[in-house]
There are 2 protein chains.
Amino acid sequence: MTRKEPLPTLPAEKAGRVRIENLKPRIDCGRFPIKRTPGGKIGVKAHVFADGHDLLKAVLRYRHIEGEWRELPMTYLADDLWQAEFQVDELGLYQYTVSGWIDHFATWQRDLLKKFEAGQEVSSELLEGAAMVEAGAARAGTPDDEWLAALAAMLRSGPSLEKRVRRATADDLSGMMERYPDRARQTTFEPPPAVVVEAAPAGFSAWYEIFPRSLTADPARSGTLADLEKFLPQIARMGFDVLYLPPIHPIGRTNRKGRNNALAVEENDPGSPWAIGSEAGGHKAVHPELGTLEDFEHLVAAARKEGLEVALDIAFQCSPDHPYVREHPEWFRHRPDGTIKFAENPPKKYEDIYPLSFDCEEWQSLWHELKSIVLFWIERGVRIFRVDNPHTKPLPFWEWLIGEVRGEHPETVFLSEAFTRPRVMYGLAKAGFSQSYTYFTWRNTKSQLTEYVRELVESEVNEYFRPNFFPNTPDILPEFLQFGGRAAFLSRLVLAATLSSCYGIYSGYELSENEAVPGTEEYLNSEKFEIKPRDWNKAGNIRAFITRINTIRRQNPALAENRRLRFHQVANDQIIFYSKSTEDLGNIILAAVNLDPHNIQEGWLEVPLELYGIGEHEVFQVHDLIFDNRYLWQGSRNYVRLDPARSPAQIFLLRRRLRTEQDFDYFM
Amino acid sequence: MTRKEPLPTLPAEKAGRVRIENLKPRIDCGRFPIKRTPGGKIGVKAHVFADGHDLLKAVLRYRHIEGEWRELPMTYLADDLWQAEFQVDELGLYQYTVSGWIDHFATWQRDLLKKFEAGQEVSSELLEGAAMVEAGAARAGTPDDEWLAALAAMLRSGPSLEKRVRRATADDLSGMMERYPDRARQTTFEPPPAVVVEAAPAGFSAWYEIFPRSLTADPARSGTLADLEKFLPQIARMGFDVLYLPPIHPIGRTNRKGRNNALAVEENDPGSPWAIGSEAGGHKAVHPELGTLEDFEHLVAAARKEGLEVALDIAFQCSPDHPYVREHPEWFRHRPDGTIKFAENPPKKYEDIYPLSFDCEEWQSLWHELKSIVLFWIERGVRIFRVDNPHTKPLPFWEWLIGEVRGEHPETVFLSEAFTRPRVMYGLAKAGFSQSYTYFTWRNTKSQLTEYVRELVESEVNEYFRPNFFPNTPDILPEFLQFGGRAAFLSRLVLAATLSSCYGIYSGYELSENEAVPGTEEYLNSEKFEIKPRDWNKAGNIRAFITRINTIRRQNPALAENRRLRFHQVANDQIIFYSKSTEDLGNIILAAVNLDPHNIQEGWLEVPLELYGIGEHEVFQVHDLIFDNRYLWQGSRNYVRLDPARSPAQIFLLRRRLRTEQDFDYFM
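Residues numbered from 1 in each chain as written. Chains lettered and ligands numbered in written order. Predicted model: local features only at pLDDT ≥ 70, side-chain atom pairs only at ≥ 80, totals over all residues. Heavy atoms only, no water.

1. With respect to the overall build of chain A
Alright, step 1. Looking only at helices and strands, chain A features 15 helices and 30 strands.
Alright, step 2. In terms of its C-alpha atoms, chain A occupies a principal-axis envelope of roughly 105 × 70 × 45 Å.
Alright, step 3. Considering chain A as a whole, with its 668 residues, one finds that 59% of them fall into the buried category.
Alright, step 4. Sequence separation of at least 24 residues holds for 74% of the intrachain contacts in chain A that already meet a minimum separation of 6.
Alright, step 5. Between the averaged position of the 80 positive side-chain charges in chain A and that of its 96 negative side-chain charges there is a distance of 2 Å. (Helix = DSSP H or I, 4+ residues; strand = E, 2+ residues; numbered from the N terminus. Buried < 20%, exposed > 50% of the residue type's maximum accessible area, 1.4 Å probe, protein only. Contact = heavy atoms within 4.5 Å. Lys, Arg positive; Asp, Glu negative; His and termini not counted. Charge placed at Lys NZ, Arg CZ, Asp CG, Glu CD.)

Structure (structure tokens):
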């Protein structure tokens, strides 16, 4: 009845009855890795199913890319959905996937019991089971094969049917057969997605940006890296983790910009640090006015002693005086007359900058040279880079560069300074950037903040895009800070530092510097174009407040993560109210921030007691961590009054009531 | 300054700056095709973006698998999202994808204009543009290269800068350059997803199931295929498209089931048609009591003349008397004593059925034989198959079988009779089934219906899972029909026929047959086990109503699709109100159904006028298609009163007011 001609062979793997679908998390079908830091967990879910009614087993498989595959059993949730969680502890790439197979033995046990309990004769079934146990013994090998073989013999010829059925379905046999499953026809999800494990600061860090040249009393004399070294304790005391320096390389002279971005330059104008390169060198040199390479290495080591990582600025562009211009004109864009083009954003012109041409004919040598710049500074101790305008260079370039650097130095962290369209910002994150600047800088109202932050923490974006919230940068003095006074600086700091596990400020923030070029977001007398000595102890400075906030961040692990951020109700549009908590609820932080820097605002917070397992009639303690006051609250509705003159924000540690004698921390 | 050792080559495609992401529609990353019928459209969207601020172009590419790639320009929507739509007209597989590239010429035009309008000197820029136009001329070839070359010459040395700029940015040049784009570095999304184009009945058909053996006046004499042929006009007059027959093959004798599924069989009991195979033959034979193969071929041809396609039941299982049991015992499951196992769902036993073992050692010859069964009936004129219990056979088997059959006979339609977990039902649809039975059979309340139907039509499921709504089957007489009387049969018919473009009934429905085995959903004296002559003209039969509903379906293209189904408000939980419309709004159907078969229900419908561009104060006509009454309505709130004794449903054709003299259909 079958055809006599030879049959085309069906691929054996097609006979695998188990299907695995919708494995999550997964970015663009596994094209890009998700991200974690050491100790991070990945909860994996997948639909695992087959035809019919057989019982299945599923395991989560994972490995460090250089290690062996490990497996964890998955738990069945409902509707064919399974889950398991693994933890990553080493830097670098991990892969993970799911395997599933039909558990014929467990299926047989289930059916045997049903038949026996319905009074059916099951001696034939017991022989089938015995054969399965014997096959299990063969898979097991010594020493378990003897136990299994004896059990199989008992199933074949034990004293009574009832005893044989009970033996066949006993837990010890189930456990032993589970240890030696028949996985010959298992299905494994392909290709396995990856997770890149980055150094801790990629996920949790407070950044401080400073121009070393401004650490001087005399605006005509540049501050130096040595001056910065003396200043380190003040930065460290404020509780920052990362000290980010604008480019420290020689600054070009040709077409140098004067103060306030003027085309006409005066003798003492220091120029923009982003106009990189002069006869003193390029991207691998230190500006002579700042010091030497040795000074820099000394600074990096001294900073590390203070708990600070020095982050360098990677700005892949050149001043007309950069050595590359002479040595590698082929890396630049040329006019028809052969001259090199400066940067433009028509009709704007940036005559002090030559952009590199990433898709020039000699792009391969260019890309390798740029990679060597990053490696050069890594060899001098740098582990963190802030990348200038990465969105004007090709995404494949970054994916290649970061991949190459991480292959040798997995601890390297890259911050993307891209203020551009969402797709490109997310694209850079997928390409490998650890963190990114964000639109937070311009999100001021409750609805703006809530909508944007929810997009970042509640959608898939959260798996690969880590926000770094900067309330200001040397390029951006937002209107809210220009006109909100000191209170605006306080509230934006609290928002940045508690909404996002990574945040940063550009120095001057602690002095509430708010003078802009009228009608713009540019700082007046911008430090980008001049040396700017400061009186750090000026009256009204907010250094103590910053120190307090950074201390709160370090003491409360809930703030080291964004995933569990939730917004809550308060019937006042000028107050935003949210919480973060650790997964075990050992640390619960509530924050209420007055978004109106001019007026006292009050309101009734709706505390999400159900999230914390607190009853509506239970009393709990909230500890105001800014002013160190404690309150006993009861029920979900609780009153706050936020006076911008004092503090526009309250950050509460929620403590559940003492339940055991060991829980004395409640009163600490 | 560059390294001197040879550089590892970077893959050229990495230099492609354009990224394409989130191409939709796409099922499981393109692993499975989406589905359409001829004339169907596929709206494709994708994020297409690159670094920087250059202008991009994107095209949708598509082809029939045996044809050339064709291209359509995509439209930019917002946030880097592009879209285009293509139509499929031929049966079989199409592929589609998106290509994107940087449009250097358009970017140059934009920047040139900005610079010129800002008063900058642009003669160098014009030379660059001239070079681009010359390159365009080289790509163009004759005859357009001459026009382009002349234009390039003009850009180089035209009369005035202003004239040259105007010429460079004129539409005719833009259009010509668009015809010859530089796509050397384009990015194309890989792998291209596919769409399978199936025959029209896959997407739109009304099914009627009948047991030919019951078309007899004498329950002791089996009706025949010839009797069925005489009955065809009555089925056709009711407006059905598909005539579905339970298995027509010889029925086994061994362990044959008696009436009402009794283990004891009496002499004249005909047995279940699903116990396939006897000494008279197996899956490629016709039961002698029904007639011959020739009778069957005659029936298929006669049905087609009446506008009916005959659908056969594919039940891949055997009675103990099936020739396969003797000829291919290796295809079955065996007990340790060598005997063949009958079907079980412990503790239930089906002694009259031997299941096939799809993963037996000889699975390849089995699979090929099963495929040959399908081809056998296709060769005898069958184009539609209803597959019995596909969820108890491996998904890879169906994917292979349907793929193989479709390769030779792309017009073949498969209906999956799987009542099982959602993942498996959807898995069968992904594996290739054109349609599927659904949970509609048990969804009775407004919230149940709304939630379930929205999942089917509004989620991604809609791209690959086509519901076929059956209010009853020989296996299922739902409680609602058992106790709701004639009105229940009317309302469930309207729901099935208008919520889903495919629906079907099992005969007897038109007689409101509702006697069940008490406490079950089984028909009393089920036709599965006995011959059941009927009086088709019994008083109270709903044949005229069914005819009316099927006529409405055929006359209103809005009902041929599910994608544009929307539910609307009515403040009465016993009334469900929804609409379907064609994309051009040329056909708009509103349906209101009383879900309470016992009482008159009334309510105010909220007609979604904004969807149809009708103002709140405009008068429009609704034409009650069941009773052929017309009403003038104004505003979104409109009253209905649904009397189950008369009709529990109203189906309205909404006609917008006459706007042109040609629109006389308004009064027809």
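Here the narrative resumes, following the displayed structure.
2. Structural notes on the pairing of strand S24 (residues 575-581) of chain B
All names here are of chain B.
Alright, step 1. The buried fraction of S24 is high, at seven of seven residues.
Alright, step 2. Alternating positions in S24 separate into two faces, Ile575, Phe577, Ser579 and Ser581 on one and Ile576, Tyr578 and Lys580 on the other, with burial throughout.
Alright, step 3. Bridge analysis of strand S23 (residues 566-568) against S24 gives three bridges, and the strand direction is antiparallel. Along S24, the bridge assignment pairs His568 with Phe577.
Alright, step 4. Counting the residues between successive antiparallel strands, the hairpin from S23 to S24 contains six residues.
Alright, step 5. The pairing of S24 with strand S25 (residues 588-594) spans seven bridges and is classified as antiparallel. Paired with Tyr578 across the two strands is Ala591, which belongs to S25. (Pairing = 2+ DSSP bridges.)

3. Some details on the packing of aromatic side chains
All names here are of chain A.
Alright, step 1. Scanning all chains against the criterion turns up 76 aromatic pairs over all chains.
Alright, step 2. Here Trp398 and Phe433 contribute two aromatic rings whose centre-to-centre distance is 5.2 Å and whose plane-to-plane angle is 65°, an arrangement assigned as edge-to-face. You can see Trp398 sitting in helix H10 (residues 395-408) and its partner Phe433 sitting in the loop between helix H11 (422-431) and strand S20 (435-436), a full 35 residues away along the chain. Across the pair, Phe433 and Trp398 agree in class, each one buried. (Phe/Tyr/Trp six-rings, centres within 6.5 Å; stacked < 30°, edge-to-face > 60°.)

4. Quick notes on helix H10 (residues 395-408) of chain B
Alright, step 1. Helix length check: H10(B), at 14 residues, gives a terminal C-alpha distance of 20 Å against a target of 20 Å (1.5 Å per residue), a fit within 8%.
Alright, step 2. Regarding H10(B), the residues found buried are Leu395(B), Pro396(B), Phe397(B), Trp398(B), Trp400(B), Leu401(B), Ile402(B), Val405(B) and Arg406(B). (Expected span 1.5 Å × (residues − 1).)

5. Regarding the interface of chain B and chain A
Alright, step 1. Listed by partner, the interface residues are 74 residues for chain B and 74 residues for chain A.
Alright, step 2. The contact between chain B and chain A buries some 6800 Å² in all, and 56% of this surface belongs to carbon and sulfur atoms.
Alright, step 3. On the surface where chain B and chain A come into contact, there are 16 salt bridges.
Alright, step 4. Here Arg17(A) makes a salt bridge to Asp359(B), at a shortest N to O gap of 3.7 Å.
Alright, step 5. Our count for the contact surface shared by chain B and chain A stands at 20 residue pairs in polar contact (both at pLDDT 80 or more).
Alright, step 6. Taken together, the elements giving at least two residues each to the side of chain B that touches chain A come down to strand S1 (19-24), strand S3 (40-49), helix H1 (104-117), helix H2 (123-140), helix H8 (323-327), helix H9 (363-379), H10 and helix H11 (422-431) of chain B. (Buried area = accessible area lost by both parts, 1.4 Å probe. Salt bridge = Lys/Arg side-chain N within 4 Å of Asp/Glu carboxyl O. Polar contact = N/O pair within 3.5 Å; in protein donor to acceptor, adjacent residues only side chain to side chain.)

6. Considering the relation of the copies chain B and chain A
Alright, step 1. Aligned on chain A, chain B shows an RMSD of 0.1 Å; the corresponding rotation is 180° and the shift along the axis is 0.0 Å. The two molecules are tied by a two-fold rotation axis, judged by turn and shift. Minimal C-alpha distance to the rotation axis in chain B is attained by Cys29(B), lying at 3.0 Å.
Alright, step 2. An overlap of 100% is found between the interface residues of chain B and their copies at the interface of chain A, pointing to a shared contact surface. (Least-squares fit on C-alpha atoms with pLDDT ≥ 70 in both.)

7. What to know about the state of the cysteines
Alright, step 1. With the rule as written, the count across this model stands at one disulfide over all chains.
Alright, step 2. The residue that forms a disulfide with Cys29(A) is Cys29(B), at a sulfur-sulfur distance of 2.1 Å. Taking the torsion about the S-S bond as the criterion, the Cys29(A) to Cys29(B) disulfide, at about -100°, is left-handed. Here Cys29(A), found in the loop between strand S1 (19-24) and strand S2 (34-36), pairs with Cys29(B), found in the loop between S1 and strand S2 (34-36), and the two come from separate chains.
Alright, step 3. Using a relative accessible area of 28% as the deciding quantity, one classes Cys29(A) as partly exposed.
Alright, step 4. Here Cys318(B) is not cross-linked by a disulfide; its sulfur's nearest cysteine counterpart is in Cys360(B), at 12 Å.
Alright, step 5. Of the residues examined, Cys318(B) reaches a relative accessible area of 0% and is grouped as buried. (Disulfide = S-S within 2.5 Å.)

8. As for the sheet that holds strand S28 (residues 629-634) of chain A
Residue and element names in this part refer to chain A.
Alright, step 1. With antiparallel pairing, the six strands of this open sheet are ordered in space as S23-S24-S25-S30-S27-S28. Unpaired on one side and paired on the other, strand S23 (566-568) and S28 mark the two borders of the sheet. Mean inter-strand twist for the sheet, computed between neighbouring axes without regard to direction, equals 30°.
Alright, step 2. The pairing of strand S27 (residues 619-624) with strand S30 (residues 649-655) spans four bridges and is classified as antiparallel. Of the residues in S30, the one forming a bridge with His623 is Leu653.
Alright, step 3. Of the strands in this sheet, S23 and strand S24 (575-581) are in contact with helix H12 (residues 446-458), which crosses S23 at around 150°. (Axes fitted to C-alpha atoms, helices over the stretch in contact; angles between N-to-C directions.)

9. Quick look at the packing of H1(B) against helix H4 (residues 161-168) of chain B
Between two packed helices, the angle of one axis relative to the other and the distance separating the axes together describe the packing.
All names here are of chain B.
Alright, step 1. Interaxial distance between H1 and H4 falls to 10 Å at its minimum, and their mutual angle equals 145°. The way H1 lies across H4 gives a crossing that is left-handed. On H4, the residues touching Phe105, Trp108, Gln109, Leu112, Leu113, Phe116 and Glu117 of H1 are Leu161, Glu162, Val165, Arg166 and Ala168.
Alright, step 2. When the residues that make up the contact of H1 with H4 are grouped by side-chain class, the tally is eight nonpolar, one polar and three charged. (Left-handed = near helix turned anticlockwise from the far one by under 90°. Nonpolar A, V, L, I, M, F, W, Y, C, P; charged D, E, K, R; others polar.)

10. A look at the domain arrangement of chain A
The extent of an interface is frequently quoted as the accessible surface area lost upon association of the parts.
Alright, step 1. When its domains are assigned, chain A resolves into domain 1 (12-103 + 188-197), domain 2 (121-179), domain 3 (208-315 + 362-555) and domain 4 (566-667).
Alright, step 2. For domain 2 of chain A and domain 4 of chain A, the distance between their C-alpha centroids amounts to 59 Å. (Domains from an automatic or database assignment.)

11. A word on the confidence of the model for chain A
Residue and element names in this part refer to chain A.
Alright, step 1. Residues at a pLDDT of 70 or more form 96% of chain A, whose mean pLDDT is 95.
Alright, step 2. Within the model, pLDDT remains below 50 along residues 1-7, and this stretch shows 14 contacts once partners closer than five positions in the same chain are excluded.
Alright, step 3. Interface predicted TM-score (ipTM) for the complex: 0.94; the corresponding pTM is 0.94. (pLDDT = per-residue confidence, 0-100.)

12. A few points about the pairing of strand S5 (residues 70-73) of chain A
Residue and element names in this part refer to chain A.
Alright, step 1. Where strand S4 (residues 56-64) and S5 come together, four bridges link them in antiparallel fashion. In the strand pairing of S5, Arg61 is matched with Glu71.
Alright, step 2. Between S4 and S5, which follow one another and run antiparallel, lie five residues.

13. So, the side chain of Ser222(A)
Alright, step 1. Relative to the helices and strands, Ser222(A) is located in the loop between strand S11 (205-209) and helix H6 (225-237).
Alright, step 2. In this view, Ser222(A) contacts Arg213(A), Thr216(A), Asp227(A), Glu289(A), Leu290(A) and Ile531(A); residues no more than four positions away in its chain are not counted.

14. What to know about the sheet that holds S24(B)
Residue and element names in this part refer to chain B.
Alright, step 1. Read from one edge of the open sheet, six strands run S23-S24-S25-S30-S27-S28, paired in antiparallel fashion. Each edge of the open sheet is held by one strand with a lone partner, namely S23 and strand S28 (629-634). On average, each strand axis in the sheet is tilted by 30° relative to the strand beside it, whichever way the strands run.
Alright, step 2. Along the sheet, helix H14 (residues 485-499) contacts S23, S24, S25 and strand S30 (649-655); its crossing angle with S24, the most-contacted strand, is approximately 30°.

15. Some words on the environment of Glu178(B)
Residues and elements named next belong to chain B.
Alright, step 1. Inspection of the secondary structure assignment puts Glu178 in helix H5 (residues 171-179).
Alright, step 2. Look at Glu178 and you get partly exposed, because its relative accessible area is 48%.
Alright, step 3. Along the sequence, Glu178 and Gly136 sit 42 residues apart, while their C-alpha atoms lie 9.3 Å from each other.

16. Here's the deal with the side chain of Ser436(A)
Residues and elements named next belong to chain A.
Alright, step 1. Following the sequence through the fold, Ser436 ends up in strand S20.
Alright, step 2. Relative accessible area serves as the criterion here: at 2%, Ser436 is assigned to the buried category.
Alright, step 3. Beyond its immediate sequence surroundings of up to four residues, Ser436 is in contact with Leu415, Ser416, Ala418, Met425, Phe465, Arg466, Pro467 and Asn468.

17. Details of unusual backbone geometry
Alright, step 1. In this model, Lys24(A) is joined to Pro25(A) through a cis peptide bond whose omega is 0°.
Alright, step 2. Assignment of secondary structure puts Pro25(A) in the loop between S1 and S2.
Alright, step 3. Notably, Asp28(B) is not glycine yet its phi reads approximately 50°, a positive angle.
Alright, step 4. Along the polypeptide, Asp28(B) turns up in the loop between S1 and S2.
Alright, step 5. Its relative accessible area of 19% is what places Asp28(B) among the buried residues.
Alright, step 6. Look at Leu585(B): it is not a glycine, yet its phi comes out positive at around 60°.
Alright, step 7. Relative accessible area serves as the criterion here: at 19%, Leu585(B) is assigned to the buried category.

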